[in-house]
Amino acid sequence: MARDYTGGSPKHHHLESKKKRLTWIFGVSALCVVCYMLGAWQTTPSPVNRSELNQRVGCDETSQNQGGNNASSSSSAASASSSSLHLDFESHHQVDINKSEAVQKFPACDMAYSEYTPCQDPQRGRKFDRKMLKYRERHCPTKEEQLLCLIPAPPKYKTPFKWPQSRDFAWYDNIPHRELSIEKAVQNWIQVEGDRFRFPGGGTMFPRGAGAYIDDIDALIPLSKGNIRTAIDTGCGVASWGAYLLRNDILAMSFAPRDTHAAQVQFALERGVPAMIGVLASKRLPYPARAFDMAHCSRCLIPWQNYDGMYLIEVDRVLRPGGYWILSGPPIHWKKHWRGWERTQEDLKQEQDAIEAVAKRLCWKKVIEKNDLAIWQKPINHIECVKSRRVYKTPHICKSDNPDMAWERDMENCITPLPETSNPDDVAGGALEKWPDRAFAVPPRISSGSIPGITTEILRADDQLWKERVEHYKRIIPISKGRYRNVMDMNAYLGGFAAAISKYHVWVMNTVPANSNQDTLGVIYERGFIGTYQDWCEAFSTYPRTYDLIHAGGVFSIYQDRCDITYILLEMDRILRPEGTVVFRDTVELLVKIKSITDGMKWKSQIMDHESGPFNPEKILVAVKTYWTGEAKKES
C-alpha cells in the first residue's frame, strides 16, 4: 500500500532547511570579521612612514631594502640605536649605571706626602712608647685622619727598570735619597751613578758582595737542592741578600723598620725584591707559624737575648720544623771584630753566651760557626723538647694558643708547640716536597685535614680554575710580557693565582684578610710562596708606588659592610705604580660602584665579562692608573 505525504516532497524539504543553516553561519562569520576589523582600527593607529614602523619593532630593514631611499634607511638605523640605548638595565640589575651624577674628583696630596706610609708615620709614632720599639710598630690613622687625596709621584718619576736589570739599578728620580750611599758607603750597599742608583750587592757583613756571602752559606747548609724555599730576613737593609737568593730559587720575605736610613724597603721593592715595612718589637710578625725554611740576621741590631729571649722565641714560631737560623755580625766572631764594633770583648762574649743559652732552651741545635757565620737548626719535632722541660722550666710550651693568629697580637714568652708525632724521625705537621714540586703538591695542612672545609679536591679544582683564569688574563693584560714584577693578591685564598703565574718573572705578595673564616696563609707558605695577614680597612705596610699589578678578587664583597671602600681604593692607588694595573673580580653592582670611584682617581677602566661568558654574575673590571706626577716645589 502506498504511503500518504501530506507535507510535500521529502527531498525538497531537506534542501530548504540546509540552505537556511548555511545562510545563518555565513552571516554570523561576517559579523565577527567586521567587529574584529573595527576594533583593530580603533586601537592601533597605522604608522605614518617606514621609519616609524622600524622604530616600533626595533629593527633595521636596510639590508632588505637596498634599492630604497638611503635617508629612510638611516632614519631606521638611528631609531633602532636609540631604542637599544634606552633599555631599562637598572630595573633588572639595580645598579646606578645610567645615573648622570658627577664623579667625585680626588685632588693630589701635597708633595710632602709623596712617601707617606699611613700606619708607619714617624710623626704619629712619636706619641707611643719607645720601650721595645713600640713606636715603630703599626699605628694607623683614625678615620678622621685619613687622607682623601692621591699620593703624588716625584716630578721626574720614570718607569722602573725591568727584571732582572732592576736588581742592580733604579732611577734616582724615583727615590731621590742619597743618605744610604753616604752612610753605608764603606759597606757598598748603594751607589749613585749619574741619574741612577746602582746596587753592588754589598752589605755590612758581606763586603765581597751578597753573592759571595750566599756561597759561604751554601757551603755550610744546602741552598740549591730545593729543601729551602722560603726565607725571612730581619733588618734587611736594601734586601740584597733576598735579591741574590733568587738565583737559588729561594724567596725571601725581607723587612726593616721605617728608620733613619731613609727608604730601605722602598729601595728593595724598587729593585723588584719582596719586602715590607716591619719590626720585631712587641707584636707577633704578621705570618703564620711554621712558615719559613730559613731565617737570617746580618748585623740587624736586634737584641736577641733580651726580654727572656722573646725575639728568638718569635723566630722559632715562624720557623718550620728543621728550619735554619743564620746570624752574622755582633757578637759572632767577636775576637776579630770587637775593636771595629767599639765594644769590649767581655760584653760581646756575654751577649753570645746569652744567645746560645736561649737557643738551647728552644731545643735548637748549633750546626756550625765558621768565620763570620753561625747557624742553628730547629728540631723536626718536639718529642725531646717536651722531655727537656723537666730541666728547662722556661720558656714553657704554650697552652691553648692558635700559633697562626698573628694580626695585632702580642708576642708570648712561650714555645709554640709543633703538631704532635709519635715517631722521633717524623717531621711535625708533615714533610714538604722539594721546590719546584712543592708549588703543586698537596700541602700537609690540607692532607691532614687541619683546615676545615678544604680538601685535596678543592685544591685541585682551585688550581685548575686559576690556570684557566690566567690564560684569560693573558689576553687582556700583558701578564706574560715582563711588564709586571711586583704583584699583590689582596685575597689569596689557597695561592692559586701565585701558582698559576709562577712560571713568569714575577713574585706575589699573597695577603689573607685577617678576619677570614678560613686561615689559609699557612697553606700558601707550604706551597713555597710568601704572604702576610692584612686588614684592608687599614693601610698596607709598604711605601707608595711599590706594586705593578694588584689582583682584587672578592675583596670588596668582604669589606663593603666593614668600612668605606673609597679608602681601600685610595690605598690601592697609593701602593700602585703609575701605569700599574688592577684586576677586580666581583658582582656587577660592586664593580659599577668601584668604577664610579676610580674614575675620579685618574684611572682608566673597563668592565668585562667573566671568562666563562656573559651569563656569569661575576664580572671583571680591569683598571690602569694613569701616569701623572706631583709638581716640584718652587724655591723662593
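Residues numbered from 1 in each chain as written. Predicted model: local features only at pLDDT ≥ 70, side-chain atom pairs only at ≥ 80, totals over all residues. Heavy atoms only, no water.

What follows covers the overall build of the protein. Of the regular secondary structure elements, the protein holds 20 helices and 17 strands. For the protein, with 636 residues in total, the buried portion stands at 50%. Carbon and sulfur atoms make up 52% of the accessible area of the protein, which totals about 31,600 Å². (Helix = DSSP H or I, 4+ residues; strand = E, 2+ residues; numbered from the N terminus. Buried < 20%, exposed > 50% of the residue type's maximum accessible area, 1.4 Å probe, protein only. Areas by Shrake-Rupley, 256 points an atom, 1.4 Å probe, with all protein chains shown as cover.)

With mixed pairing, the 7 strands of this open sheet are ordered in space as β13-β12-β11-β14-β15-β17-β16. Every other strand in the sheet has two partners, leaving β13 (530-534) and β16 (603-608) as the edge strands with one partner each. Here the strands of the sheet are splayed against their neighbours by 15° on average, with no regard to which way each runs. As paired strands, strand β15 (residues 576-587) and strand β17 (residues 618-625) are joined by 7 bridges and run antiparallel to one another. Among the inter-strand pairings, D586 is bridged to a residue of β17, identified as K619. Sheet strands touched by helix α15 (residues 456-476): β14 (547-553), β15, β16 and β17. Its angle to β17, the strand with the most contacts, is close to 45°. Strands β15, β16 and β17 of the sheet are contacted by helix α20 (residues 588-598), whose axis makes an angle of about 155° with β15. (Pairing = 2+ DSSP bridges. Axes fitted to C-alpha atoms, helices over the stretch in contact; angles between N-to-C directions. Contact = heavy atoms within 4.5 Å.)

Now for the packing of aromatic side chains. All told, the structure shown has 20 aromatic pairs when counted by the stated rule. Here the aromatic rings of W435 and F529 are separated by 5.8 Å at their centres, their planes lie at 90°, and the arrangement is edge-to-face. You can see W435 sitting in the loop between α13 (383-388) and α14 (444-447) and its partner F529 sitting in the loop between α17 (521-526) and β13, a full 94 residues away along the chain. Assigned by exposure class, W435 and F529 land together as buried. (Phe/Tyr/Trp six-rings, centres within 6.5 Å; stacked < 30°, edge-to-face > 60°.)

Its location among the elements puts D489 in strand β11 (residues 486-489). No salt bridge forms around the buried D489; measuring N to O, its nearest opposite-charge neighbour R469 is 8.2 Å away. Contacts of D489, omitting those with residues within four sequence positions, involve F497, V508, M509, N510, T511 and H551. (Lys, Arg positive; Asp, Glu negative; His and termini not counted. Salt bridge = Lys/Arg side-chain N within 4 Å of Asp/Glu carboxyl O.)

Below, the discussion takes up the state of the cysteines. One pass over the structure, following the stated rule, counts 6 disulfides. The connectivity of the disulfides in the protein is 1-4, 2-3, 5-6, 7-8, 9-10, 11-12, where the numbers refer to bonded cysteines in sequence order. (Disulfide = S-S within 2.5 Å.)

Generally speaking, nonpolar side chains in soluble globular proteins are found buried as a group. In this structure, M294, W304, W325, F556, M572 and F584 are the most contacted members of the largest nonpolar core, which totals 143 residues. Looking at this core, the element that brings in the most residues is helix α19 (residues 565-575), giving 7 residues. Apart from the residues lying within four places of it in its own chain, the contact partners of W304 are T234, L280, C297, G309, Y311, L312, V315, W325, L327 and I355. Counting 6 residues, the second-largest nonpolar core is a separate cluster that includes I446, I454, L459 and V523. (Core = buried A, V, L, I, M, F, W, Y, C linked by side-chain atoms within 4.5 Å.)

What follows is about the pattern of salt bridges. Pairs can form between side chains of opposite charge whenever their charged atoms are close. Counted under the stated rule, the structure contains 34 salt bridges. Residue R577 pairs with E270 through a salt bridge whose shortest N-O separation is 3.5 Å. Of this pair, R577 sits in strand β15 while E270 is found in helix α9 (residues 264-270), placing the two residues 307 residues apart along the sequence. By relative accessible area, which is 5% here, R577 ends up buried. Take E270: its relative accessible area is 5%, and that puts it in the buried class. With a shortest N-O distance of 3.7 Å, E384 and K387 are connected by a salt bridge.

One turn of an α-helix holds 3.6 residues; hence residues three or four places apart share an orientation. The element α19 is extensively covered by neighbouring structure, given that 11 of its 11 residues are classed as buried. When we look at burial in α19, the residues that qualify are I565, T566, Y567, I568, L569, L570, E571, M572, D573, R574 and I575.

Strands sit in the order β6-β5-β4-β7-β8-β10-β9 across an open sheet of 7 strands; the sheet is mixed. The outermost strands of the open sheet, each flanked by one partner alone, are β6 (275-277) and β9 (365-370). Averaged over all adjacent pairs, the angle separating strand axes in this sheet is 20°, with direction ignored. Bridging between strand β8 (residues 319-328) and strand β10 (residues 373-377) involves 5 bridges; their strand directions are antiparallel. Following the sheet pairing, L327 is matched in β10 by A374. The sheet contacts of helix α7 (residues 210-218) involve β7 (292-298), β8 and β10, and relative to β10 the element is tilted by about 45°. Along the sheet, helix α10 (residues 310-318) makes contact with β7 and β8, crossing β8 at roughly 135°.

Turning our eyes to something else, we now look at the side chain of T511. Here T511 shows up in strand β12 (residues 507-513). For T511, the residues in contact, after removing those within four places along its chain, are M488, D489, M490, N491, A492, T532, Q534, W536 and F540.

Moving on, we come to unusual backbone geometry. Looking along the chain, the bond that leaves W163 and enters P164 is cis, with omega of 10°. Positioned with a positive phi, H333 is a non-glycine residue whose angle comes to about 60°. You can see H333 is positioned in the loop between β8 and α11 (334-337).

With 4 of its 5 residues buried, β10 lies for the most part within the structure. The pairing of β9 with β10 spans 5 bridges and is antiparallel. Opposite K370, over in β10, you have L373 as the bridge partner. Once β9 ends, the chain turns through 2 residues before running back antiparallel as β10, passing N371 with a positive phi of about 55°.

Moving on, we come to the packing of α19 against α20. Between two packed helices, the angle of one axis relative to the other and the distance separating the axes together describe the packing. Viewed as axis vectors pointing N to C, α19 and α20 meet at an angle of 60°, and their least axial separation amounts to 10 Å. For the element pair α19 / α20, the angle class is oblique. With respect to the hand of their crossing, α19 and α20 are arranged in right-handed fashion. In this structure, α19 contributes I565, T566 and L569 to the contact, and α20 contributes K593, I594, I597 and T598. Considering only residue class, the contact of α19 with α20 consists of 4 nonpolar, 2 polar and 1 charged. (Parallel < 35°, antiparallel > 145°, perpendicular 65-115°, else oblique. Left-handed = near helix turned anticlockwise from the far one by under 90°. Nonpolar A, V, L, I, M, F, W, Y, C, P; charged D, E, K, R; others polar.)

Now for the environment of W171. Relative to the elements of secondary structure, W171 occurs in strand β1 (residues 169-171). Those residues in contact with W171, other than ones at most four positions away along the chain, are K158, T159, P160, F161, D195, R196 and F197. For W171, the side chain forms a polar contact with the main-chain oxygen of T159, separated by 3.1 Å. (Polar contact = N/O pair within 3.5 Å; in protein donor to acceptor, adjacent residues only side chain to side chain.)

Assignment of secondary structure puts M608 in strand β16. The sequence separation of M608 and K619 amounts to 11 residues, and the corresponding C-alpha distance is 6.1 Å. Setting aside residues no more than four positions away along its own chain, M608 makes contact with I476, K619, I620 and V622.

The subject of this paragraph is the confidence of the model for the protein. Per-chain confidence: the protein averages 86 in pLDDT, with 82% of residues scoring 70 or above. Ignoring residues within four places in sequence, the model shows residues 1-16, a span with pLDDT below 50, making 0 contacts including any to other chains. Contacts from residues 40-100, a stretch scored under 50 in pLDDT, to residues over four places away or in other chains number 32 contacts. (pLDDT = per-residue confidence, 0-100.)

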